[in-house]
Structures are given as structure tokens and as C-alpha cells.
Amino acid sequence: FIEDFSKAMSQAGTSQFQEVIRQELEYSMKVELDKILATAPSNELEHTKKDLEGFKKLFHRFLQEKGPSVDWGKIQRPPEDSIQPYEKIKARGLPDNIASVLNKLVVVKLNGGLGTSMGCKGPKSLIGVRNENTFLDLTVQQIEHLNKSYNTDVPLVLMNSFNTDDDTKKILQKYSHSRVKIYTFNQSRYPRINKETLLPIAKDVSYSGENTECWYPPGHGDIYASFYNSGLLDNLIGEGKEYIFVSNIDNLGATVDLYILNHLMNPPNGKRCEFVMEVTNKTRADVKGGTLTQYENKLRLVEIAQVPKAHVDEFKSVSKFKIFNTNNLWIALSAIKRLQEKNAIDMEIIVNPKTLDGGLNVIQLETAVGAAIKSFENSLGINVPRSRFLPVKTTSDLLLVMSNLYSLNAGSLTMSEKREFPTVPLVKLGSSFTKVQDYLRRFESIPDMLELDHLTVSGDVTFGKNVSLKGTVIIIANHGDRIDIPAGALLENKIVSGNLRILDH
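Note that the structure is a prediction, hence the values are computed from the model and not measured.

Side note on the pattern of salt bridges
So, step 1. Applying the stated criterion to the full structure yields 27 salt bridges.
So, step 2. The shortest N-O distance in the salt bridge between D234 and K337 comes to 2.9 Å. On the criterion of sequence distance, the pair formed by D234 in helix α8 (residues 232-238) and K337 in helix α11 (residues 333-341) is long-range, its members being 103 residues apart.
So, step 3. With its nearest N and O atoms 2.9 Å apart, the salt bridge here joins D460 to R442. One end of the pair, D460, is in the loop between β21 (448-458) and β22 (461-463); the other, R442, is in helix α13 (residues 436-442), and 18 residues separate them in sequence.
So, step 4. Judged by its relative accessible area of 29%, D460 is partly exposed.
So, step 5. Overlapping salt bridges, with partners in common, bring together R61, R300, D346, E348 and K374 in one network.

Comments concerning the sheet that holds strand β5 (residues 156-160)
So, step 1. Strand order in the open sheet formed by 8 strands is β1-β17-β11-β14-β10-β2-β5-β6, and the pairing between neighbours is mixed. Every interior strand has two partners, whereas the edge strands, β1 (83-85) and β6 (182-186), have only one. Taken pair by pair, the neighbouring strands of this sheet meet at an average axis angle of 25°, ignoring direction.
So, step 2. Here strand β2 (residues 105-111) runs beside β5; their pairing, made up of 5 bridges, is parallel. Across the sheet, residue V108 finds its bridge partner in β5, namely V157.
So, step 3. In the packing of helix α6 (residues 165-172) onto the sheet, contacts are made with β2, β5 and β6, and the angle to β6 comes to roughly 170°.

Focus: the pairing of strand β14 (residues 323-332)
So, step 1. Here β14 lies mainly inside the structure; 10 of its 10 residues are buried.
So, step 2. Pairing analysis gives 7 bridges linking strand β11 (residues 275-281) to β14, with the strands arranged antiparallel. Bridged to N281 within β14 is I323.

Concerning the domain arrangement of the chain
So, step 1. Partitioning the chain into domains gives domain 1 (1-64), domain 2 (72-384) and domain 3 (395-497).
So, step 2. For domain 1 versus domain 2, the distance between C-alpha centres works out to 29 Å.
So, step 3. The interface of domain 1 with domain 2 comprises 22 residues on the first partner and 26 residues on the second.
So, step 4. Taken together, the two surfaces of domain 1 and domain 2 that pack against each other cover about 1,900 Å², and 72% of this comes from carbon and sulfur.
So, step 5. In this structure, D346 and R61 form a salt bridge, with 3.9 Å as the shortest nitrogen-oxygen distance.
So, step 6. On inspection of domain 1 and its partner domain 2, the count reaches 4 residue pairs in polar contact (both at pLDDT 80 or more).
So, step 7. Every element with two or more residues in the side of domain 1 that touches domain 2 is listed here: α1 (2-38) and α2 (45-64).
So, step 8. Here the side of domain 1 that touches domain 2 gets 12 residues from one element, more than from any other, and that element is α2.
So, step 9. Class assignment of the residues belonging to the side of domain 1 that touches domain 2 gives a composition of 12 nonpolar, 4 polar and 6 charged.

How each quantity is defined
Residues numbered from 1 in each chain as written. Predicted model: local features only at pLDDT ≥ 70, side-chain atom pairs only at ≥ 80, totals over all residues. Heavy atoms only, no water. Salt bridge = Lys/Arg side-chain N within 4 Å of Asp/Glu carboxyl O. Helix = DSSP H or I, 4+ residues; strand = E, 2+ residues; numbered from the N terminus. Buried < 20%, exposed > 50% of the residue type's maximum accessible area, 1.4 Å probe, protein only. Pairing = 2+ DSSP bridges. Axes fitted to C-alpha atoms, helices over the stretch in contact; angles between N-to-C directions. Contact = heavy atoms within 4.5 Å. Domains from an automatic or database assignment. Buried area = accessible area lost by both parts, 1.4 Å probe. Polar contact = N/O pair within 3.5 Å; in protein donor to acceptor, adjacent residues only side chain to side chain. Nonpolar A, V, L, I, M, F, W, Y, C, P; charged D, E, K, R; others polar.

Structure (C-alpha cells):
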């Protein structure tokens, strides 16, 4: 008994001690944030105050939660009817009054990211993807086509970050005559914190010059608070809008789907879903993608970062967790408003460690938009075709979407009918191709890839005009060597190595 008692006492002592440290950290953070707020000019005061309040809430939760936030034993497969096959949704057809349904929709694109991973300055959405068109151009063309075809008024809303807002707004003037109303609002701006001291590295509110590294946009889970705070959410509800379709601006497969929209507006059982997540079947390339599970009687998105280390391999298995989140989401506006006002949107915190240029280790606290699924009523997953997930994260992805594998029509890319099987080839371009400008310099024209299964390119390689690639093609230039694939070459199941020796694969 005495042993148990002293154990309990020491545990209580530990938790009391932890609580004291927590309170001290929160107090120190509050002092630092107040100092930062005091440097805000009067025209930015209100806005900065909202941002720092939001950050304080997130920091509070970060100090409360420890370790992966899911209890692995509670994870269950979702019930059959909670993830519907797209075919079933599509089989219902479309009503005659599809225009009136479309008029209830708002398209939201997540536009906070920079093109740095592809060696570009400025917003990623302004990178040329196809025939000189940028991600943003294609998005506007898609919605304009919808509005013209159905005589509707579907607006486009861009969620920018402080990194992308100025450049994006300058570009928007070019669409002033298009048939799409475009609105923007900004993600919050949160301070990065020193990994050792857990205090902000910013000393004042400015975010230019040497201060740019002090601040970050806190992930796309921030959409709920910043959309609400911007006043735009209320305006759109006032205009009679009911649902938003949210997706990443670099996912070229995320076009407005009328069948899913109809399913939301006219549910077969009369009970509307507040939240729909499009999922698609995993391939070997998607093992890290978040998956939908059943957890405490709710649909829940589980990301790899939340999985206890011992279960990571199980999480990645394609047989147990067959689907992953595409981040194409359909959400009821009234539900966002209700939950935001009750402060009832619960999203797991993602702790993202970074090392700054000077070598300082910082962490940034983020959330993911899909993680809120468990806070909404009557949520649903829809298992959509892979074609609705076509993200461009690297120049290898860019090569696919620029090639003749896809045809472009009214801003939408569709797989060419000439390709015999609907899967996309596996393309791996080496580090000489990482930056967009290097990649463009190495292709005189984009090769014919209709019959390609697999392409690996490594080292100093260039492609002449009108090259055809078929089957499995592996091109490896050793260090110091250079390989120039001649114009008009046909490579079918070939390994090219060293100094342009062409071998049969």
C-alpha cells in the first residue's frame, strides 16, 4: 500500500510540476506576444491581434497534448456506407435544374504556397503548367466555362498567405473581364518559435527583410478561422451560397463535379452532409497520404504524423488502409459558421520542425483542413477516380501534365483517349531537373509519352525535339558524362548509360 501511495504521490508531483512549467511557458509566450503586438501600426492592429489570439489558442493546445494524438487500439475500418463509391453517386444522374444547384456553390482554392520546391520565386499558382497557362489560369478557365455553359454565377475564392497575397492580387487584374467573380482572403500569420526556448523568434510585427523567416502561414486548417474572420463567409451566406468546394490549387484534377454537388444538395435520404471528403485508392506512391478511419463513432482523418512509431508500417500498408485523402473537400458554409462561433472545430496539431538558413532550429504549429471532418455532422467519404487527384509537386509531375498523356479542354486536363490504360506512368527525374528553369532547358520539346510505363532520368541529360518514349526507359549519365538524346529518337524498353550507349532493356 505504502509503495502504491508513494508512486501515486510522485506521479501527482510530476504532473503538478509539468502543469507549473506549462503555465510558465504560456505566461512567457503571452508576454512576448504582447511585446510584438505593441509594435503593430494602428491600421494593422486589429488584424494582428486576431492572428496572435489564434496562435495563442494553438500554442495552449500544443502544450496540453503530448505524443501521437491517436490511440491505435481505437482505430477501426469505416462502416460500409460511410465511404460511397463515386459510381453510385454518378448513377443518380443530374436534375433538370442543375443551374440552381450550381448557384449555391463557391469554389475555394488553397493558394498559400510558394514555388520554392520547384526552384521558383513567388506563388506556386503562377507557374506555367500547360501552353503558357498557369494553375490560376486553368482554374479561372474551368469556372468561367461552367458559368457560361449553365448561365450561373459560381465565384472563385483564393485563400492566400502573406507570402502570396501581393503577387496574386497583381495578377488578378488580368481576369477582370472574365465571367468569374474572384475574392481573396488571407491565412493567418503566426510566429515561428525557437525549438529550445519555445518562444517566438520575431521581435516585432514586420515580416519583410530579415524578418521574413520569423513568420509562417499555419497550414490549410486555418481556413475555417480566417475565412470566418475575413467577413467573406457571412457575405457569401448572405448571397444564398450553401457549399464550398475546397482543393489545393496545384491539384489539376480537382474540378467541380456536378454529381457530387447534386448528391450534397439533394441527398437520397433527405439528410444533408455537412462535410464530404474525396478519397481515392492508394498506390505504392501514396503510402504516406492521410486515411479515413472510424474513431469513437466518427469518421476521422489520420495522418502519418499522428501514428505511433510502432504502427507506421501498418499505416502505410496498402492492404489495410486502401484509400487516402485527396484534399478535395465539400463543406457546408452554415456548418463552418456554427462551429466557428462555438469554437468547436477540433483539428490535431501538426508540429513542423524547420532549420532556418542561419542554422536556428524552429518549430511551426499547423493544422490540416481535412482533420476537422470529425467536428461536422453526417460526414461522408466518396471514393473518386484517381483522375481527380493530379497534383503537381515536382517537375516529374509537371512533365506528365505537359505531355500528350493529357488533353486540355476549357481549363480541364483529361487523360488522352489514345492511351490504352488509364494509369499514369511512373516518372523520376534526377536532381538536374529539380528547378523548373533547368527542366525546361533540358527538353527541346516534351517527348511523346502515350505508351510509356516508367521513366528514370539521372545526371546531365538533354532531350532533342520529337523524342518518343515507350515501355520502360532508364537514362543515366554518370558523373562528368553528358547524354543528349537526339531529335526524333524512339526509345522503347531501353537503358541508356554512360556516354550514350543504347542497350535493350
